[in-house]
Amino acid sequence: MGLNCTPSVAVVLSLCALFLVIESHPALGSNRGSFGLATDDVTAPPAGICSGAVILQGYKCQEFDVRTDDGYILSVQRIPEGRVGGAAKNKQPVLLQHGVLVDGMTWLLSSPDESLALILADSGFDVWIANTRGTRFSRRHVTLDPTDPDFWNWTWDDMVTHDLPTVIDFVFKQTGNKIHYVGHSMGTLIALAAFSEGKQIDKVKAAALLSPIAYLSHMTTALGVVAAKAFVGEITSLIGVAEFNPKGEPVANFLKALCADPGLNCYDLLGALTGKNCCLNVSTVDLFLKNEPQSTATKNMVHLAQTVRDGVLKKYDYGNDNFNVEHYGEAKPPVYNLSNIPHNLPLFLSYGGQDALSDVRDVATLLDSLKLHDEDKLSVQYIKDYAHADFIMGVSAKDIVYNQIVAFFKRQN
Ligand SMILES: *[C@@H]1O[C@H](CO)[C@@H](O)[C@H](O)[C@H]1NC(C)=O
Ligand SMILES: *[C@@H]1O[C@H](CO)[C@@H](O)[C@H](O)[C@H]1NC(C)=O
Ligand SMILES: *[C@@H]1O[C@H](CO)[C@@H](O)[C@H](O)[C@H]1NC(C)=O
């Protein structure tokens, strides 16, 4: 295309755009260019996930604080039983892992009959919800404060090494059972990376991966147009910011400036970036915007950008052979080789034809790396009309996706 598209710009934009595109969908009656992101009331204390979204619906819910080995304190919720059926012994635990720039609340935005977490509880599972470091209920550390740049010195590698094992170990110890795992977006990336290193395999029984992300190369094509228009200067200055807060001024200003460009139509543009979600409900989207997006580390966004640029799944690249040697003992960052995921691990993948973040061509690359997987252990679902957010909020997700997940988990004994 001859466009000078830097990956950092592309990723930053596309991930932020996920929220904007939802908000600016004409069918939802919002106006183009109204940025709820910047005007959120940051002074109101957030209600906890249990009290704000679970107990109200008539379910039991427990909150836990879990400490990672590098000092982060993560919030974890448990919904031990459904509305009927009670507390049977030895229920099968399921852990839900959200994506980047959102938190565990994303599993609870629709009505009880449409939200995956509550559907699983009503289907007899013991449901656990993770919240990764940096998100509102997990902005805690034993010594560091979120205002301290060192608090934000991590990428998704650290979720693979610290957050995911910590939470899986915790659920495993609490329940005494191997777990079923459900990931969306970055929640699939960190699981695939961990499994490829043989981590957690002994504690995971099966995994359902929605909008799977491992390769991101094909995002760039769709994003080239934007990136060419982008305000590279602003993005560069963002990279210096330790916390990447999509509701914060630097990011909001960047997006506002971008959309003020007369050459850009934000509606079309953002639709093109993230995919056209087919099936969102206005009230669910409103609730989503009240709760999300959440912060992540700028370094994490840079790492995701490297994945776009390199077309290979690797650990964070320090951008300098000496630094890489210092961290990895090699000049180049080690690759996560997904062909090494144990071939007998039961996997269910569901991806959408309209998903611009989990592009079908990138999913094809992922499936190619799984081509030696035991045939009867790999189920793949393709949903032509679905884009990224439909998997967590779509009104038809129960019928199309969640019932399949429940059936898939129930097949594993
Ligand atoms: C949209 O969400 C509201 C509130 O949760 C719910 O009452 C309504 O049934 C939903 N509509 C559809 C089509 O699912
Ligand atoms: C960030 O953490 C790495 C270790 O992962 C360390 O080498 C580096 O010095 C830290 N950077 C800052 C700015 O603290
Ligand atoms: C990944 O592992 C497979 C076998 O486990 C091997 O054939 C392949 O060459 C590896 N790929 C890379 C990029 O190292």
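Residues numbered from 1 in each chain as written. Chains lettered and ligands numbered in written order. Predicted model: local features only at pLDDT ≥ 70, side-chain atom pairs only at ≥ 80, totals over all residues. Heavy atoms only, no water.

**With respect to the confidence of the model for the chain**
- On average, residues of the chain carry a pLDDT of 81, and 77% of them reach 70 or more.
- In this model residues 1-45 is a low-confidence stretch, pLDDT under 50, and it forms 106 contacts with partners more than four residues away in sequence or in other chains.
- Counting interchain partners and residues more than four positions distant, the pLDDT-below-50 stretch residues 221-234 has 32 contacts. (pLDDT = per-residue confidence, 0-100. Contact = heavy atoms within 4.5 Å.)

**Structural notes on the sheet that holds strand E6 (residues 204-210)**
- If you walk across this open sheet you meet the 8 strands as E1-E2-E4-E3-E5-E6-E9-E10, and the pairing is mixed. Edge positions in the sheet fall to strand E1 (62-67) and strand E10 (378-383), since each of these pairs with one other strand and no more. When strand polarity is set aside, the average angle formed by the axes of neighbouring strands in this sheet is 20°.
- Where E6 and strand E9 (residues 347-352) come together, 4 bridges link them in parallel fashion. Residue pairing across strands places Leu-210 opposite Ser-350, the latter belonging to E9.
- Sheet strands in contact with helix H5 (residues 156-175) are E1, strand E2 (73-79), strand E3 (93-97), strand E4 (126-130), strand E5 (179-184) and E6, and its direction is about 155° off that of E4. (Pairing = 2+ DSSP bridges. Helix = DSSP H or I, 4+ residues; strand = E, 2+ residues; numbered from the N terminus. Axes fitted to C-alpha atoms, helices over the stretch in contact; angles between N-to-C directions.)

**Quick look at the pattern of salt bridges**
- The tally for this structure, following the rule as stated, stands at 16 salt bridges.
- Here Asp-122 ties to Arg-83 by a salt bridge, and the two come within 2.8 Å at their closest N and O atoms. Here Asp-122 is found in helix H4 (residues 116-122), whereas its partner Arg-83 is found in the loop between E2 and E3, with 39 residues between them in sequence.
- With a relative accessible area of 39%, Arg-83 lands in the partly exposed category. (Salt bridge = Lys/Arg side-chain N within 4 Å of Asp/Glu carboxyl O. Buried < 20%, exposed > 50% of the residue type's maximum accessible area, 1.4 Å probe, protein only.)

**Overview of the nonpolar core**
- If you look at the biggest cluster of nonpolar residues, it comprises 53 residues, and the most contacted ones within it are Leu-95, Trp-156 and Tyr-181.
- Residues Cys-50, Met-105, Ala-208 and Val-401 belong to the second largest nonpolar core, which totals 47 residues. (Core = buried A, V, L, I, M, F, W, Y, C linked by side-chain atoms within 4.5 Å.)

**Quick notes on the site of ligand 2**
- The environment of ligand 2 is made up of Asp-150, Asn-153, Tyr-318 and His-327.
- In this structure, Asp-150 approaches ligand 2 through a side-chain N or O atom, which is 3.2 Å from an oxygen atom.
- The side chain of His-327 places a nitrogen or oxygen atom 2.9 Å from an oxygen atom of ligand 2.
- When ligand 2 sits alone it has 360 Å² of accessible area, and the protein chains cover 38% of it. (Near = heavy atom within 4 Å. Polar contact = N/O pair within 3.5 Å; in protein donor to acceptor, adjacent residues only side chain to side chain. Areas by Shrake-Rupley, 256 points an atom, 1.4 Å probe, with all protein chains shown as cover.)

**What to know about the site of ligand 1**
- What surrounds ligand 1 is the set Ser-111, Glu-114, Asn-281, Ser-283 and Val-395.
- Glu-114 places a side-chain nitrogen or oxygen 2.5 Å from an oxygen atom of ligand 1.
- Between ligand 1 and Asn-281, the relevant distance is 2.2 Å, taken from an oxygen atom to a side-chain nitrogen or oxygen of the residue.
- Across the complex, the protein chains shield 44% of the 360 Å² of accessible surface that ligand 1 would expose by itself.
- Here the shell around ligand 1 is composed, by residue class, of 1 nonpolar, 3 polar and 1 charged. (Nonpolar A, V, L, I, M, F, W, Y, C, P; charged D, E, K, R; others polar.)

**Some thoughts on the packing of H5 against helix H12 (residues 298-310)**
- As a packed pair, H5 and H12 sit with axes 8 Å apart at the nearest point and diverge in direction by 110°. With respect to each other, H5 and H12 are oriented roughly perpendicular. From H5, Trp-156, Asp-157 and Met-159 reach across to H12, where they touch Asn-300, His-303, Leu-304 and Thr-307.
- Taken together, the residues that form the contact of H5 with H12 break down as 3 nonpolar, 3 polar and 1 charged. (Parallel < 35°, antiparallel > 145°, perpendicular 65-115°, else oblique.)

**A word on the state of the cysteines**
- Using the criterion set out here, one finds 2 disulfides in the structure.
- Here Cys-278 is linked by a disulfide to Cys-279, with a sulfur-sulfur distance of 2.2 Å. Negative torsions about the S-S bond denote left-handed disulfides, and the value of about -95° found for Cys-278 with Cys-279 makes this one left-handed. (Disulfide = S-S within 2.5 Å.)

**Structural notes on helix H14 (residues 360-369)**
- Where H14 is concerned, the buried positions are Asp-362, Val-363, Leu-366 and Ser-369. Each buried residue of H14 lies within a common arc of 115° when the element is viewed along its axis, so the set occupies one face.
- Near the N-terminus of H14, the side chain that reaches the backbone nitrogen of Arg-361, with its oxygen 2.7 Å away, is that of Asp-359. (Arc of directions from axis to C-beta.)

**Section: the pairing of E5**
- By the criterion of burial, E5 is predominantly enclosed, with 6 of the 6 residues buried.
- Here E5 shows a buried face lined by Ile-179, Tyr-181 and Gly-183 and a second buried face lined by His-180, Val-182 and His-184.
- Across 4 bridges, the pairing between E3 and E5 is parallel. When the sheet's bridge partners are listed, Leu-95 is paired in E5 with Tyr-181.
- Relative to E6, E5 is paired through 6 bridges, and the arrangement is parallel. Its bridge partner lying in E6, Tyr-181 is registered against Ala-207.
- A crossover connection joins E5 to the parallel E6 through helix H6 (residues 186-196); in handedness this β-α-β unit is right-handed. (Right-handed = clockwise from strand over helix to strand, strands pointing away.)

**With respect to helix H11 (residues 282-291)**
- Of all the positions in H11, only Thr-284, Val-285, Phe-288, Leu-289 and Asn-291 are classed as buried. Along the axis of H11, the buried positions cluster into a sector of 165°, meaning they face one direction only.
- With a side-chain oxygen positioned 3.0 Å from the backbone nitrogen of Ser-283, the residue opening H11 is Asn-281.

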